[in-house]
Amino acid sequence: MKTVEVREVLKDLIVLRAVDRDIKYFESLWEIPEGVTYNSYVLRTSEGSILFDTVKHGFSEEYVDALRRVTDLRDIKYVVIQHMEPDHSSSLKALSNLSDFRAEVLGHPLTAKLIKSLLGIDVKFRPVRDGEVLRLDDITLKFLHTPWLHWPETIFTHIEELSALMTCDAFGAYSVPPYSISDLTLLRTDYVKYMRKYFVNIIGHYRDNVVKALDKLSTLNLKIELIAPSHGAVLSGADVIKEVLNLYRSWAEAVPKDKKVVILYTSMYGYNEEIIRKLLSAVSKDNVDVKVFRFTSYHRDNVSDFLGEVIDAKVIVIATSTYDNSVFPITKYLLEVLLSKSNAEKPVYLITTYGWNDAASRELKNILMKSKFKLSRELSVNSLLTEADLQKLNDISKEILTYLDIS
Ligand code: FEO
């Protein structure tokens, strides 16, 4: 069932969120059994309404119905398009076809071209400059160019009188959470993992730009008491705002958590699985946070979750094998997206198994040498573990524990 929920976030600021529980692969790539929301916002003033972003096509009919319950379409003076990816912009097409929709569309200068090329529509469009201010009634909007969060045309909008920051993809999350989160415990226990996963999957490639945007917010010294992203929950409360700003910086800088280890392994016939079992029994101490991602004949974890967990890992372990005289194909793909989204200075321990030729080891070392990851020890096993291999595995586990500062 297509649902667009309507909730008042603050007086006269209303969220319309399309709830997508049917989606399996966000961007046709990332597994999200937790679902996602597409949020659009209406700000009502006595001189007309302002609409921030729209929702994904497929929800357009329900979205327009919901919007009509919130405001007369003739009263919408501006639509601020903060990002043109179709999960946010595509219902602009349905709106533009309605005779009672007369709003002017505001956005980054690049947005005009994208409206034409992605949606094939003509709208009344006005580009906004970085730092440009717009006043309507007693409301002051400031537009900030925040390129590559997540496309080059992305902007944030600060609503001065509400101390609200509209951020589109940034600070968004997967899942269908409560429409608003102001409680730090709720943020930490149930929600942060979906924020982090969304961050890495979608913005991870542009982490340097996240740092630039955070620096810009800090330089401008904007008062921010509420963050309204276009996926997930509205965030409010001093503690929550401070925490998410800090988290965004730490993810952007790939700051590791003290004792977190991420293990990725593939195993066709159980050889790698057995090695990882031995490694796990050595490193699974009480205070070590070990996350294991398996790609075997009987189990396949989500690539999206793996990426989400790696960004703040302190140590990474990869165990895989040779296949067709190359690296096991799934590992090759995982490495490719890992290096695109989370390339960071972290130690990697490499374990490879082979029958007659360890091509996987050679290729993986080449890939890692060109990345920011640091290859620590490696173990190359000719199928069954020998005593010498066991000793090397023991050395790896000891070194990991030392690196985690665990004796
Ligand atoms: Fe949620 Fe880049 O779109």
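All figures in this text were calculated on a predicted structure; none of them were measured in a lab.

Q: How should a negative patch on the surface be read in this particular structure?
A: A contiguous patch of negative charge on the surface is contributed by Glu47, Asp137, Asp138, Glu160 and Glu161. With respect to the secondary-structure elements, aspartate 138 resides in the loop between strand S10 (133–136) and strand S11 (139–145). The exposure class of aspartate 138 is exposed, given its relative accessible area of 52%.

Q: How do you make sense of helix H6 (residues 207–220) when you look at a structure like this?
A: For an α-helix, 3.6 residues make a turn, and residues three or four places apart therefore share a direction. Between the first and last C-alpha of H6 there are 20 Å, a value that for 14 residues agrees with the 20 Å anticipated at 1.5 Å per step. Buried within H6 we find Arg207, Asn209, Val210, Val211, Ala213, Leu214 and Leu217. Looking at the buried positions of H6, the neighbouring elements they touch are S11, strand S12 (155–159), strand S13 (164–168), helix H5 (184–203), helix H7 (238–252) and helix H10 (329–342). At the exit of H6 stands asparagine 221, carrying a positive phi of roughly 55°.

Q: Teacher, can you tell me more about the packing of aromatic side chains here?
A: Here a ring pair, both rings aromatic, is described through the centre-centre distance and the interplanar angle of the planes. A full pass over the atoms with the stated rule returns 11 aromatic pairs. An angle of 65° between the planes, with centres 5.7 Å apart, marks the rings of phenylalanine 26 and tyrosine 198 as edge-to-face. Of this pair, phenylalanine 26 sits in strand S3 (residues 25–26) while tyrosine 198 sits in helix H5; the two residues are 172 residues apart in sequence, bridging distant segments of the chain. Accessibility assignment for this pair places phenylalanine 26 and tyrosine 198 in one class, buried. An angle of 20° between the planes, with centres 5.2 Å apart, marks the rings of tryptophan 148 and tyrosine 206 as stacked. Here the residue tryptophan 148 occupies a position in the loop between S11 and S12, and tyrosine 206 occupies one in the loop between H5 and H6, the gap between them amounting to 58 residues. Relative accessible area serves as the criterion here: at 34%, tryptophan 148 is assigned to the partly exposed category.

Q: Please clarify how the side chain of histidine 231 should be interpreted in this entry.
A: Looking at the secondary structure, you find histidine 231 in the loop between strand S15 (226–229) and strand S16 (234–236). For histidine 231, a relative accessible area of 0% gives the class buried. There is a polar contact of 3.2 Å between the side chain of histidine 231 and the side chain of aspartate 169.

Q: I keep staring at the packing of H10 against helix H11 (residues 359–369) and nothing clicks. Help me out?
A: How two helices pack is summed up by the angle between their axes together with the distance between the axes. The interhelical angle for the contact between H10 and H11, taken along N-to-C directions, is 5°, at an axis separation of 12 Å. One way to sum up the angle between H10 and H11 is to call them roughly parallel. In this structure, H10 uses Thr331, Lys332, Leu335 and Leu339 to contact H11, whose residues at the interface are Glu363, Leu364, Ile367 and Leu368.

Q: Got a minute to help me understand the sheet that holds S11 in this structure?
A: Strand pairing in a sheet is mediated by backbone hydrogen bonds. Such pairs are either parallel or antiparallel. Strand order in the open sheet formed by seven strands is S10-S11-S12-S13-S15-S16-S14, with mixed pairing between adjacent strands. Edge positions in the open sheet fall to S10 and strand S14 (180–181), since each of these has one partner strand only. Across three bridges, the pairing between S12 and S13 is antiparallel. Note that in S13 the partner of isoleucine 159 across the bridge is alanine 164.

Q: Can you walk me through the nonpolar core in this structure?
A: Side chains of nonpolar character tend, in soluble globular proteins, to be buried together. Core analysis: the biggest nonpolar cluster contains 92 residues, and Phe26, Met195, Leu235 and Tyr248 have the highest contact counts within it. Tallying contributions element by element places H5 first for this core, with nine residues. Each of domain 1 (3–252) and domain 2 (260–403) contributes no fewer than three residues to this core. In contact with methionine 195, not counting residues within four places along its chain, are Phe171, Gly172, Ala173, Leu187, Leu235, Val244, Tyr248 and Trp251. With 24 residues, the next largest nonpolar core counts Leu13, Ile50, Leu141 and Ala228 among its residues.

Q: What exactly am I supposed to notice about the domain arrangement of the protein here?
A: Accessible area lost on assembly of the parts is the figure often given for the size of an interface. Taken as a whole, the protein is organised into domain 1 (3–252) and domain 2 (260–403). For domain 1 and domain 2, the distance between their C-alpha centroids amounts to 38 Å. Each partner contributes residues to the interface: domain 1 has 13 residues there, and domain 2 has 18 residues. Taken together, the two surfaces of domain 1 and domain 2 that pack against each other cover about 1300 Å², and 49% of this comes from carbon and sulfur.

Q: In this structure, what is going on with the pairing of strand S18 (residues 289–296)? I would like to understand it.
A: Looking along a regular strand, one sees the side chains alternate between the two faces of the sheet. Where strand S17 (residues 260–267) meets S18, eight bridges bridge the pair, whose relative direction is parallel. Looking at S18, one finds that leucine 264 is bridged to phenylalanine 293. Handedness of the S17-helix H8 (residues 271–283)-S18 crossover: right-handed.

Rules of the game
- Residues numbered from 1 in each chain as written.
- Predicted model: local features only at pLDDT ≥ 70, side-chain atom pairs only at ≥ 80, totals over all residues.
- Heavy atoms only, no water.
- Patch = residues over 30% accessible without salt bridge, like charges linked within 9 Å, V, L, I, M, F, W, Y side chains within 5 Å.
- Areas by Shrake-Rupley, 256 points an atom, 1.4 Å probe, with all protein chains shown as cover.
- Salt bridge = Lys/Arg side-chain N within 4 Å of Asp/Glu carboxyl O.
- Lys, Arg positive; Asp, Glu negative; His and termini not counted.
- Charge placed at Lys NZ, Arg CZ, Asp CG, Glu CD.
- Helix = DSSP H or I, 4+ residues; strand = E, 2+ residues; numbered from the N terminus.
- Buried < 20%, exposed > 50% of the residue type's maximum accessible area, 1.4 Å probe, protein only.
- Expected span 1.5 Å × (residues − 1).
- Contact = heavy atoms within 4.5 Å.
- Phe/Tyr/Trp six-rings, centres within 6.5 Å; stacked < 30°, edge-to-face > 60°.
- Polar contact = N/O pair within 3.5 Å; in protein donor to acceptor, adjacent residues only side chain to side chain.
- Axes fitted to C-alpha atoms, helices over the stretch in contact; angles between N-to-C directions.
- Parallel < 35°, antiparallel > 145°, perpendicular 65-115°, else oblique.
- Pairing = 2+ DSSP bridges.
- Core = buried A, V, L, I, M, F, W, Y, C linked by side-chain atoms within 4.5 Å.
- Domains from an automatic or database assignment.
- Buried area = accessible area lost by both parts, 1.4 Å probe.
- Right-handed = clockwise from strand over helix to strand, strands pointing away.

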